[in-house]
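Reading the structure
Spelled out from the first residue to the last, the chains are:
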Amino acid sequence: MSDAIPPTLPTELDRPAPTAGVRAYGATSASAPLGPLTISRRAPGPRDVQLDVLFCGVCHSDLHQVRDEWHAFMPTVYPCVPGHEIVGRVVAVGRDVRTFKEGDLAAVGCLVESCRSCAACHEGEEQYCAAGATFTYNSPDSHLGGVTYGGYAESLVVDEACVLRVPGGLDLAGAAPLLCAGITTYSPLRHWGVRAGQKVGVVGLGGLGHMAVKLANAFGARVVVFTTSPGKVEDAVRLGAHEVVISRDAAEMQKHGGSFDFILDTVSAVHELNPYLDLLKRHGTLTMVGAPETPLPVSAFGLIFGRKRLSGSLIGGIPETQEMLDFCGEHGITADVERIPITKINEAYERLLKSDVKYRFVIDMATLKT
Ligand code: NAP
Ligand code: ZN
Ligand code: ZN
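Residues numbered from 1 in each chain as written. Chains lettered and ligands numbered in written order. Predicted model: local features only at pLDDT ≥ 70, side-chain atom pairs only at ≥ 80, totals over all residues. Heavy atoms only, no water.

**Re the overall build of the protein chain**
Looking only at helices and strands, one finds 11 helices and 16 strands in the protein chain. Expected size for 370 residues packed as a compact globule is a radius of gyration near 21 Å; at 21 Å, the protein chain falls within 12% of this value. If one aligns the C-alpha atoms of the protein chain with their principal axes, the spans along those axes are about 75 × 55 × 40 Å. Buried residues in the protein chain amount to 55% of all 370 residues. Contacts in the protein chain between residues at least 24 apart in sequence constitute 68% of all its contacts with a sequence separation of at least 6. As displayed, the protein chain offers around 16,300 Å² of accessible surface, 54% of which is attributable to carbon and sulfur atoms. Looking at charge distribution, the protein chain has the averaged site of its 33 positive side-chain charges lying 5 Å from that of its 41 negative ones. (Helix = DSSP H or I, 4+ residues; strand = E, 2+ residues; numbered from the N terminus. Rg over C-alpha atoms; globule rule 2.2 N^0.38 Å. Buried < 20%, exposed > 50% of the residue type's maximum accessible area, 1.4 Å probe, protein only. Contact = heavy atoms within 4.5 Å. Areas by Shrake-Rupley, 256 points an atom, 1.4 Å probe, with all protein chains shown as cover. Lys, Arg positive; Asp, Glu negative; His and termini not counted. Charge placed at Lys NZ, Arg CZ, Asp CG, Glu CD.)

**Re the coordination of the zinc ion (ligand 2)**
The coordination sphere of the zinc ion (ligand 2) contains the protein donors Cys59 (SG), His84 (NE2) and Cys180 (SG), at a distance range of 2.0 to 2.3 Å. Read in sequence order, the donor residues for the zinc ion (ligand 2) give the motif C-x24-H-x95-C. One end of the pair, cysteine 59, is in the loop between β3 (48-57) and α1 (60-66); the other, cysteine 180, is in the loop between α3 (172-175) and α4 (181-191), and 121 residues separate them in sequence. A relative accessible area of 2% means that cysteine 59 is categorised as buried. (Donors = N, O, S within 2.8 Å, 3.2 Å for Na, K, Ca; no water.)

**As for the domain arrangement of the protein chain**
Per the domain assignment, the segments making up the protein chain are domain 1 (18-179 + 316-369) and domain 2 (181-312). Once you take the C-alpha centre of each, domain 1 and domain 2 turn out to be 27 Å apart. Carbon and sulfur atoms make up 57% of the area that domain 1 and domain 2 hide from each other, which totals about 2,200 Å². For the pair domain 1 and domain 2, the interface holds four salt bridges. Among the ionic pairs, arginine 190 bridges to glutamate 323, the shortest N-O distance being 4.0 Å. (Domains from an automatic or database assignment. Buried area = accessible area lost by both parts, 1.4 Å probe. Salt bridge = Lys/Arg side-chain N within 4 Å of Asp/Glu carboxyl O.)

**Side note on the nonpolar core**
Counting residues in hydrophobic clusters, the biggest one holds 95 residues, and the most contacted among them are Tyr152 and Ile345. It is helix α5 (residues 207-218) that contributes the most residues to this core, six residues altogether. Each of domain 1 (18-179 + 316-369) and domain 2 (181-312) accounts for three or more of the residues forming this core. Val224, Phe260, Val267 and Met288 belong to the second largest nonpolar core, which has 16 residues in total. (Core = buried A, V, L, I, M, F, W, Y, C linked by side-chain atoms within 4.5 Å.)

**Let's talk about the coordination of the zinc ion (ligand 3)**
Protein-derived coordination of the zinc ion (ligand 3) comes from Cys115 (SG), Cys118 (SG), Cys121 (SG) and Cys129 (SG), at a distance range of 2.3 to 2.4 Å. Seen from the zinc ion (ligand 3), its four donor atoms lie at angles of 101 to 120°, and the figure they make is tetrahedral. In the primary structure, the donors to the zinc ion (ligand 3) are separated according to the pattern C-x2-C-x2-C-x7-C. For cysteine 118, a relative accessible area of 12% puts it in the buried group. (Tetrahedral: all angles 85-135°; square planar, octahedral: opposite > 155°, others 65-115°.)

**Some thoughts on the sheet that holds strand β10 (residues 222-227)**
Strand order in the open sheet made by the six strands is β11-β10-β9-β12-β13-β14, with parallel pairing throughout. Looking at strand neighbours, the two that pair on one side only are β11 (243-246) and β14 (309-312), the edges of this open sheet. Here the average twist between neighbouring strands, direction ignored, is 20°. Relative to β14, strand β13 (residues 280-288) runs parallel, the two being bridged by four bridges. In the strand pairing of β14, leucine 286 is matched with leucine 310. (Pairing = 2+ DSSP bridges. Axes fitted to C-alpha atoms, helices over the stretch in contact; angles between N-to-C directions.)

In structure tokens form, the structure reads like this:
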């Protein structure tokens with residue numbers, strides 16, 4: 001019999017006190033502009049990685065949640081510190097962390113925890129965790145109470161299991177949007193088996209849409225962009241589209257009737273879905289990733305004739321996010337970004353609402369400290 005003292009499991013009591021006074025940017029109500037705030041972060045536990053945030057992308061979901069537009073599905077708790085497209089530098093690791101060390105580059109996307117025991121978690125689809133995944137912001141925080149705070153902040157502490165490796169050679173500001181816009185488009189393209197020779201539509205050329213164009217093109221598909229913005233046509237072609245349709249032109253739309261294998265809808269606002277169902281081939285699939293705040297009417301006949309599928313997709317799990325990052329590393333794919341200082345965030349939100357984004361705003365987080 002061994003007389004060794006069993007190792008003590010870490011408890012909350014063993015943890016150092018949280019770090020208070022962490023600089024961040026967020027909103028205190030649905031109608032308030034974002035402004036400087038201070039928040040607390042937990043001290044890194046044994047399995048935690050602490051990052052200094054270098055860049056954080058600006059997703060339209062940040063805007064939806066800051067303004068509580070998704071109230072019916074996930075009400076926003078204030079203060080709200082958004083941001084889930086995070087690239088940073090590791091500044092501390094807990095004693096059990098194996099894959100990261102101080103000084104490494106690392107990334108965090110939309111997920112920071114899940115139950116790890118349900119079927120979805122076992123299958124690497126933590127975003128669909130039966131117990132409810134913990135999202136990077138506006139989710140219950142099991143460590144400090146209240147809600148999680150995102151990447152519009154100087155630092156972040158995340159369990160190693162949800163920290164991703166950034167492939168070498170990618171521009172770091174351009175890599176940040178891969179953590180949401182990249183995986184949210186990669187996952188459904190992969191799930192529905194998009195491949196060479198297929199005709200793929202991308203509706204909306206914003207942050208998600210422009211990543212979908214790059215990825216579908218890299219998968220060998222024939223890519224058609226549907227945009228409401230005539231000023232984006234040349235860019236769409238440069239990004240990898242083979243054809244561009246102004247979606248408000250009904251005659252242009254009709255030319256593509258019954259011809260698509262797959263269409264990815266990335267539109268953030270209320271819009272018509274039925275015209276896109278008409279563009280699908282028999283057995284074709286329209287997947288929604290855009291998340292307008294109110295339901296969109298769907299014609300049963302549009303689905304019945306041609307046995308078409310209408311589906312949805314939420315971000316992507318941790319293993320698939322790493323797979324996507326590695327794919328982007330191999331193919332040199334990053335987002336086309338407009339770098340902004342944190343003080344321009346409210347202006348950036350107004351521009352998102354006008355579809356004036358080319359094609360992702362990324363906050364240079366060094367500007368939070370100046
Ligand atoms: P974004 O950069 O603002 O792009 C949205 C694009 O939609 C616009 O650039 C515009 O493209 C088009 N659009 C805007 N208003 C429109 C209207 N009234 N009618 C038709 N088209 C319109 O937004 P994003 O960051 O890519 O996000 C897009 C949506 O996906 C948001 O609802 C966001 O919350 C959601 N999202 C979902 C997931 C998920 O897991 N499912 C993850 C991330 C984001 P054109 O100028 O080309 O028309
Ligand atoms: Zn997002
Ligand atoms: Zn789970």
